[in-house]
Amino acid sequence: MPLDSRQVLGPDGHVARRLRAFESRPQQLEMAAAVDHAIAAQEHLIVEAGTGTGKSFAYLVPAILAATAGQGEGTPRRKVVISTHTISLQEQLIAKDIPFLNAVLPVEFSAVLVKGRSNYVSLRRLKGAVERSHALFAQPEEMDHLKQLVEWSRHTADGSLSDLDFKPVSSVWDEARSEHGNCLGRSCPTYDNCLYYRARRRIWNSDLMVVNHALFFSDLALRREGASVLPDYDVVVFDEAHTLEQVAADHLGLSVSGGQVEYLLNRLFNDRNQKGLLTKLPLVTTESFKIRQQTEDLVGRIRHQSRDFFADLAELNQSRGSRNGRLRQPPDINNVVSPSLKELSAWIIELSKPIERDEHRIEFTSAAERCIGLANSLNSWMGQSDTESVYWIENSGPHNQRVRLIAAPVDVAPVLRDQLFSKVKTVILTSATLAVGKQSFDFIRQRLGLTKANELKLGSPFNYAEQMKLYLPDSMPDPTESPAEYTSAVCEQIQHYVTQTRGHAFVLFTSYQMLREVARRMTPWFVSKNYGLYVQGADMPRTLMLEKFRSDPAGVLFGADSFWQGVDVPGDALQNVIIAKLPFSVPDHPLLEARLEAIRKNGGNPFFDYQVPEAIIKLKQGVGRLIRTRTDKGIVAILDPRIRTKRYGKLFLDSLPDGAVVADREW
């Protein structure tokens, strides 16, 4: 239900007083009071807070005050999880916002950045990797990185990958990282100095845990099986909550690839260089030598089985002429890999029995468990036992040699309703883009299964009428009816609007195909004008492309999906955002296709119930790239005429910031 701010924002509210001390904006005070009310009443809350609201303080201050309420009086402290989608926001919270609040708030609290276990080095495994290095590593680079890891481990206080000044090759890090199935706990000889458990103790004793959405939903998936990464919590705040459905689907599903099987087998025994874990097994009897030889032969046999199995699946995918790799029924292919992996697991367990020291034996039992895990994943995917999931094959790499088998729940709402919203006392969802139209949160709530919640929609403190002009050029052809003519017209419009701001522009596309075609056609024009052109999908990494764009006095960046959100370019570097086409998702992805089918099956309209609101939220994200501070100014040009010619267009316009000036083409 919508919140009346007068109910929660009293002049004597302790949250309001704290925030007023930071010269807060009215929108920030209103949001903070709503968060405070939701935590106190143990209710859920969904808040759209426009850019510049200062929403991180608006949820951090009441969360901290709630976590420390009754401090020193024996009252149990609430545990709070703050979950974000992007690394940049995580870094802002943990390195800037939280330390500032720790310095100025009159309460003591602790906060920690939670990372997945595989981010931490295991001192025991690192030592074992050194002892087995000649059996495990064949490349000079591997030995060099191993030596650097050893030296780093002697002085690191953090013990995680982020503390390293180089990126170790995966083969080395996989032998040294901390793993759930490869941990001796208190029996480990390095337990007292364990960097992972030191981090765990900080997590268990902290008031605030900052995580990313991926880790949160990985933990939620584990909780369904009776395990967990995070301690129990009372409050969850999801910032950048517009991404939750996709992240939840990714981590509540299943993914297994031929590369995973190959990697595990090579780790056990690589017949090309005679390296691998099996070569370090003790050979105490003639019989044990025979068993090891048989096990190495079995590894080779499974390698061939796996390659044939995944090649057959790739061929099946191509022969069916599948547009997107989706399988609507179990494939008629014999899965010989899973039984062989289970057989291999049994042999490894048998071979490891004579090993006396636990820290040596666990390397083999852990590998055996990985064999079982991969076997079970393959069985699950091949059987398609979960009728509520969609199954598909992805081929990539040269000649489609890389094959990945994926399953994902079509609808995450039932899982989130039962496992999250029904079990956690307070869940706060916030983002600058959650509502559709002037007020409605129905789309995001239905997709996430949030049936009961308070609602609050706050505008931005920025003056969009003064800071931004929104151009809707006329006489544009319809992109669906005349795609070739539309592409040509887009090139003309880009020239016009880029000239207005002398570069300093993002051009956002909905497909790489159109992006590449427009870039190809317009390159001579950019050369003639001496404007820098940065095209996503070329060889330049995304972060480097952004750096070059920011420093270019006349740069233009052509971006696709990842540039519509999570990119912050304040100041004069970005003065122009051109939207090439309304960001309707094309139902060529298996998961989206299945979602639309489910909506149709339930009597809904897939286009208006899903594709329109989804596109509106993405458009709001794209437009939001322009104005990031009170002093930013610029233009947005939406080239797609459907925003004015179709009946759904008004809903798009109503969803954009209030006060934006709409202007026709004047040239």
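Notes on the structure follow. (Residues numbered from 1 in each chain as written. Predicted model: local features only at pLDDT ≥ 70, side-chain atom pairs only at ≥ 80, totals over all residues. Heavy atoms only, no water.)

What to know about unusual backbone geometry
- Positive phi is not limited to glycine here, since serine 475 has a value of about 65 degrees.
- The exposed category is assigned to serine 475, whose relative accessible area is 63%. (Buried < 20%, exposed > 50% of the residue type's maximum accessible area, 1.4 Å probe, protein only.)

Considerations on the side chain of glutamine 305
- Mapped onto the elements, glutamine 305 comes out in helix H14 (residues 286–319).
- By relative accessible area, which is 19% here, glutamine 305 ends up buried.
- Setting aside anything within four residues of it in sequence, one finds glutamine 305 in contact with Val336, Val337 and Ser340. (Helix = DSSP H or I, 4+ residues; strand = E, 2+ residues; numbered from the N terminus. Contact = heavy atoms within 4.5 Å.)

Considering helix H24 (residues 606–623)
- Here H24 contains 18 residues, and its C-alpha end-to-end distance of 25 Å stays within 8% of the 26 Å for a straight helix at 1.5 Å per residue.
- Most of H24 sits inside the fold, with 13 of its 18 residues counted as buried.
- Sitting at the amino-terminal end of H24 is asparagine 605, which places a side-chain oxygen 3.0 Å from the backbone nitrogen of phenylalanine 607. (Expected span 1.5 Å × (residues − 1). Polar contact = N/O pair within 3.5 Å; in protein donor to acceptor, adjacent residues only side chain to side chain.)

Quick word on the pattern of salt bridges
- Under the defined criterion, the tally for this structure stands at 43 salt bridges.
- Where arginine 595 meets glutamate 245, a salt bridge forms, and the shortest distance between an N and an O atom there is 3.6 Å. Linking arginine 595 in helix H23 (residues 590–601) with glutamate 245 in helix H12 (residues 244–251), this pair joins segments that are 350 residues apart in sequence. Of the two residues examined, arginine 595 and glutamate 245, each falls in the buried class.
- Arginine 292 is the partner of glutamate 296 in a salt bridge, and the nearest nitrogen-oxygen pair spans 3.3 Å. Linking glutamate 296 with arginine 292, this pair stays in helix H14, spanning four residues, or about one helical turn. (Salt bridge = Lys/Arg side-chain N within 4 Å of Asp/Glu carboxyl O.)

Looking at the nonpolar core
- Within the largest apolar cluster, 56 residues are counted, with the highest numbers of intra-cluster contacts made by Leu149, Leu268, Phe309, Leu313, Leu344, Trp381 and Leu405.
- Broken down by element, this core gets its largest block of residues, nine residues, from helix H16 (residues 358–383).
- Listed in part, the 44 residues of the second largest apolar core include Leu220, Ala221, Leu416 and Ala594. (Core = buried A, V, L, I, M, F, W, Y, C linked by side-chain atoms within 4.5 Å.)

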